[in-house]
Amino acid sequence: MTSLVIVDLTPINKEKMAEYSAQAAETLKPFAGHFIAKGAFDVLHGDMAPSGESHHPISR
């Protein structure tokens, strides 16, 4: 089953984020998972909420 996870965040501690990122990548290996994109991005179409706001299509 294919799954995509999109995360938009601003790390407070970049060293800890790098450590976490390396460990997170290792958890994907048993499932043949991998990152398809990582780093800065540009919004090419539509609007994007600022960091910290939900993009969830269902309001609760």
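Visitor: Before we go on, may I ask you to explain the overall build of the chain in this structure?
Guide: Counting its secondary structure elements, the chain contains 1 helix and 0 strands. Of the roughly 6,200 Å² that the chain leaves accessible, carbon and sulfur atoms contribute 59%.

Visitor: Which parts of the structure should I look at to understand the environment of Met-17?
Guide: You can see Met-17 is positioned in helix α1 (residues 14–28). Owing to a relative accessible area of 28%, Met-17 belongs among the partly exposed residues under this scheme. Discounting residues that sit within four places of it in the chain, Met-17 has contacts with Leu-9 and Pro-11.

Criteria and thresholds
- Residues numbered from 1 in each chain as written.
- Predicted model: local features only at pLDDT ≥ 70, side-chain atom pairs only at ≥ 80, totals over all residues.
- Heavy atoms only, no water.
- Helix = DSSP H or I, 4+ residues; strand = E, 2+ residues; numbered from the N terminus.
- Areas by Shrake-Rupley, 256 points an atom, 1.4 Å probe, with all protein chains shown as cover.
- Buried < 20%, exposed > 50% of the residue type's maximum accessible area, 1.4 Å probe, protein only.
- Contact = heavy atoms within 4.5 Å.

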